[in-house]
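Listed below, chain by chain, are the residues.
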Amino acid sequence: MKCDFTDAFLHSYLDRELSTFRTVEFERHMLHCAGCGAELVAQDFLRGRLQVAQLYEAAPASLRRRIVSQLQSSSPTTALPKSAFWHSWQWLAAAAALLLVALVAWKISPELRSDDYQAEFAAEIVDAHMHSLQPGHITGIASNDEHAVKQWFDGKVKFDLPIHDFAKGGFALQGGRIDIIEGRPVAALVYARQGNLINVFIWSTPEPDASPHAGSRQGYQWIDWRKGQLDFCAVSDDDPVDLEQLRQLITG
């Protein structure tokens, strides 16, 4: 089964178009995903061969004159035959795969959440939270019915969401929506706490469980953690103590 990260980030990673936050996330993911690692090696190998292959041929002057005079497209060129050297170089791709894993492991420090990574992570989450506070953006479904909210998310995300109404604990479920953070869809559950709205962003991850980490940005508080192959991040202008209380309710 093809990994979602392959379609979402692989080509942008090769072209160095990802931000620091997304680059670290993708590199960290490749440490656990053989499929993405193998696909990256294959794409990088193919790109390298295309760069050195003699595939360019200068157009003759007669072709230019023909286009200018007749404004007609040139006849299709014959497709180049599949290169015979590809199969003989498969061993090189395997060796490159091992080298790639070693380089990625070396590049990512033991403290995976570096200052740059954490700063950009906070910026993405807080920006998404602020955008959601604009009229008409807070929910895709406005409901405190757990079953209705779960049903709305069915087919929109590829993982099971822990959807619960914690009204008795002071955190009333308001609904949910699909949000976009740097081009990647994530689920967002919305809770209300004494008039303040709290967004809980959730997305899947192959990473192991991790202890909570809290911070603040632009007057907003956030706390993130991992559990059961899901990444969580709650953000609000509420008291950090309230965010921790909500985290404990979600994790059970």
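Residues numbered from 1 in each chain as written. Predicted model: local features only at pLDDT ≥ 70, side-chain atom pairs only at ≥ 80, totals over all residues. Heavy atoms only, no water.

## A word on the overall build of the protein chain
Here comes step 1: What the protein chain contains, in helices and strands, is nine helices and seven strands.
Here comes step 2: Taking contacts inside the protein chain between residues at least 6 apart in sequence as the whole, the part at least 24 apart equals 59%.
Here comes step 3: For the protein chain, the accessible area works out to roughly 15,100 Å², and carbon and sulfur atoms hold 55% of it. (Helix = DSSP H or I, 4+ residues; strand = E, 2+ residues; numbered from the N terminus. Contact = heavy atoms within 4.5 Å. Areas by Shrake-Rupley, 256 points an atom, 1.4 Å probe, with all protein chains shown as cover.)

## Brief notes about the sheet that holds strand β7 (residues 230-236)
Here comes step 1: Spatial strand order, β1-β2-β3-β4-β7-β6-β5: seven strands in an open sheet with antiparallel pairing. The two strands at the open ends of the sheet, each matched to only one other strand, are β1 (141-142) and β5 (210-217).
Here comes step 2: The pairing of strand β6 (residues 220-227) with β7 spans seven bridges and is antiparallel. Of the residues in β7, the one forming a bridge with I223 is A234.
Here comes step 3: Sitting on the sheet, helix α9 (residues 240-251) is in contact with β3 (184-193), β4 (196-204), β5, β6 and β7, with an inclination near 20° to β6. (Pairing = 2+ DSSP bridges. Axes fitted to C-alpha atoms, helices over the stretch in contact; angles between N-to-C directions.)

## Observations regarding unusual backbone geometry
Here comes step 1: The residue Q194 is not glycine, and still its phi comes out positive at about 50°.
Here comes step 2: One non-glycine residue, Q218, lies in positive phi territory at about 55°.
Here comes step 3: Its location among the elements puts Q218 in the loop between β5 and β6.

## Points about the environment of V235
Here comes step 1: You can see V235 is positioned in strand β7.
Here comes step 2: Classification of V235 as buried rests on a relative accessible area of 0%.
Here comes step 3: Look past the residues within four positions of V235 in its chain and what remains in contact with it is I125, V126, H129, L197, I198, N199, F201, Y220, Q221 and W222. (Buried < 20%, exposed > 50% of the residue type's maximum accessible area, 1.4 Å probe, protein only.)

## Describing the pairing of β7
Here comes step 1: With seven of its seven residues buried, β7 lies for the most part within the structure.
Here comes step 2: Burial of β7 is two-sided: the residues L230, F232, A234 and S236 facing one way and the residues D231, C233 and V235 facing the other way are all buried.
Here comes step 3: Bridge analysis of β4 against β7 gives six bridges, and the strand direction is antiparallel. Of the residues in β7, the one forming a bridge with V200 is A234.

## Here we look at helix α8 (residues 146-153)
The periodicity of an α-helix, 3.6 residues per turn, causes residues three or four positions apart to be oriented the same way.
Here comes step 1: One side-chain oxygen of the residue at the start of α8 lies 2.9 Å from the amide nitrogen of H147, identifying that residue as D145.
Here comes step 2: Positive phi shows up at G155, right after α8, with a value of about 90°. (Polar contact = N/O pair within 3.5 Å; in protein donor to acceptor, adjacent residues only side chain to side chain.)

## So, α9
Here comes step 1: With twelve residues, α9 ought to run about 16 Å at 1.5 Å a step, and its terminal C-alpha atoms sit 17 Å apart, in line with that.
Here comes step 2: Of all the residues in α9, the buried ones are D242, L243, L246, R247 and I250. Along the long axis of α9, the arc covered by the buried residues comes to 145°, so they all point the same way.
Here comes step 3: Looking at the buried side of α9, the elements it contacts are β3, β4, β5, β6 and β7.
Here comes step 4: The backbone nitrogen of V241 has a side-chain oxygen 2.7 Å away, supplied by the residue at the start of α9, namely D239.
Here comes step 5: Just beyond α9, the residue with positive phi is G252, at close to 75°. (Expected span 1.5 Å × (residues − 1). Arc of directions from axis to C-beta.)

## Overview of the confidence of the model for the protein chain
The predicted coordinates of low-pLDDT regions are not to be read in fine detail.
Here comes step 1: Looking at the protein chain as a whole, its pLDDT mean stands at 77, while 71% of the residues score no less than 70.
Here comes step 2: Taken together, the stretch residues 105-114 has pLDDT below 50 and engages in twelve contacts with residues farther than four places along the chain or on a different chain. (pLDDT = per-residue confidence, 0-100.)

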